[in-house]
Amino acid sequence: MKSFGSKPWILPQPVLIIGTYDKDGKPNAMNAAWGGVWDMHEISISLGAHATTENLDLTGEFTVAFATKETMMASDYVGIVSANKEPNKIAKAGWTAVKSENVNAPLFKEFPLTMECRVKETLNRDESGYMLIGEIVNVLCDEKYLGADGLPDVQKMNIITFESVHHTYVQLGETVGQAFADGKKLM
């Protein structure tokens, strides 16, 4: 095996779009890839110092949408352009922001699946950012992405992941097995 040293190559990594409001109630979004499940009703996201972290300090609430093949270009854009430098960031991304019913944060209509969250705590805070722990208040899914069982159908969503080795986005693929079931065949 070839050795590459210490790299943040956890694969796949979600492409998370963090939605917040600024001090004037203007919607903002950023792209964050270093996130995941923290607990049954919590998520964690590693955040650098951004307009988003300033907004989180003000409101304590946010949304998390999952980027798709269709939103990829605009999702990448909100990750490379700061709201501190581009006041029309959301309009340039082409997204439609509406107020969440459960938290003081914007929902972006272009995404199939969005979590509404509250800041629970921040860890390792310094001038470069922190680890955000968020309480998941609610999950919303556009009804056209529901399966026959009434639950979100990830295969319909064209969700993308961040491939950190080559800095590319990769679309999630087909179902290859059934969790908590297929392994029982070896019992």
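It should be noted that the structure appears before, not after, this text.
Definitions and cut-offs
The numbers attached to residues start from 1 for each chain and follow its sequence in the written order. Local features in this predicted model are restricted to residues of pLDDT 70 or higher, and side-chain atom pairs are both shown and tallied only at a pLDDT of 80 or more, whereas totals for entire chains, interfaces and linings draw on every residue. Heavy atoms throughout the structure, all of them, feed into the side-chain values; hydrogens and water do not. For every residue, the accessible area (1.4 Å probe, protein chains only) is compared with the maximum for its type, and the residue is labelled buried under 20%, exposed over 50%, or partly exposed between those bounds. Numbering goes from the N terminus for both helices and strands, where a helix is a DSSP run of H or I of at least four residues and a strand is a run of E of at least two. This arc describes the spread of directions from the helix axis toward the C-beta atoms. Contact between two residues is taken to exist if any of their heavy atoms lie within 4.5 Å; hydrogens are not considered. Between any two strands, pairing holds if DSSP finds at least two bridges. In this description, a line fitted to the C-alpha atoms serves as the axis of each element, helices being fitted only across the stretch in contact, and the angle between N-to-C directions of two axes falls anywhere from 0 to 180 degrees. Salt bridge, as used here: a side-chain nitrogen of Lys or Arg that lies within 4 Å of a carboxyl oxygen of Asp or Glu. Note on terminology: a nonpolar core comprises buried Ala, Val, Leu, Ile, Met, Phe, Trp, Tyr and Cys residues joined through side-chain atoms within 4.5 Å.

Trainee: Looking at this model, I keep getting lost on helix 2 (residues 72-80). Mind explaining?
Mentor: Residues lying three or four places apart along an α-helix face the same way, a consequence of the helix completing one turn every 3.6 residues. Inspection of helix 2 places Ala74, Ser75 and Val78 among the buried residues, and these make up the whole buried set. Buried residues of helix 2, seen end-on, are gathered within an arc of 105° and therefore sit on one face of the element. Exposed side of helix 2, more than 90 degrees from the buried face: Met73 and Ile80 are the residues found there. For helix 2, the elements touching its buried residues are strand 2 (16-21), strand 3 (27-32) and helix 3 (89-93).

Trainee: When you look at the sheet that holds strand 4 (residues 35-39) in this model, what are you seeing that I'm missing?
Mentor: Strand pairing in a sheet relies on backbone hydrogen bonds. The paired strands run either parallel or antiparallel. A sheet is described by the order of its strands in space; here seven strands give the open sequence 3-2-6-9-10-5-4, paired in antiparallel fashion. Either end of the sheet is taken by a strand with one partner, and the two such strands are strand 3 and strand 4. On average, each strand axis in the sheet is tilted by 35° relative to the strand beside it, whichever way the strands run. Where strand 9 (residues 113-126) lies against strand 10 (residues 129-141), eleven bridges are found, and the strand directions are antiparallel. Bridge pairing links Leu123 to Met131 in strand 10. Across the face of the sheet, helix 1 (residues 51-59) comes into contact with strand 2, strand 3, strand 5 (42-48), strand 6 (61-66), strand 9 and strand 10 while running at roughly 50° to strand 2. This element, helix 2, spans strand 2 and strand 3 of the sheet and lies at about 95° to strand 3.

Trainee: Teacher, can you tell me more about the pattern of salt bridges here?
Mentor: When the charged atoms of two side chains with opposite charge come close together, those side chains can pair. Under the counting rule described, the total for this entry stands at six salt bridges. The residue Glu86 makes a salt bridge to Lys92 at a minimum N-O spacing of 3.1 Å. As a salt-bridge pair, Lys185 and Asp182 come within 3.7 Å of each other at their nearest N and O atoms.

Trainee: What's the story with the nonpolar core in this structure? I'm lost.
Mentor: Here is a general trend for soluble globular proteins: nonpolar side chains tend to be buried in one another's company. Counting residues in each nonpolar core, the largest one holds 19 residues, and the members touching the most others are Ile18, Ile43, Ile45, Leu47, Phe62, Val64 and Leu132. Secondary structure elements with two or more residues in this core: strand 2, strand 3, strand 5, strand 6, strand 9 and strand 10. Residues contacting Ile18, with those up to four places away along its chain left out, are Asn28, Ala29, Met30, Ala32, Ile45, Thr52, Phe62, Thr63 and Val64. In this structure, Ala74, Val78, Ile90 and Phe108 belong to the second largest nonpolar core, which totals 15 residues.

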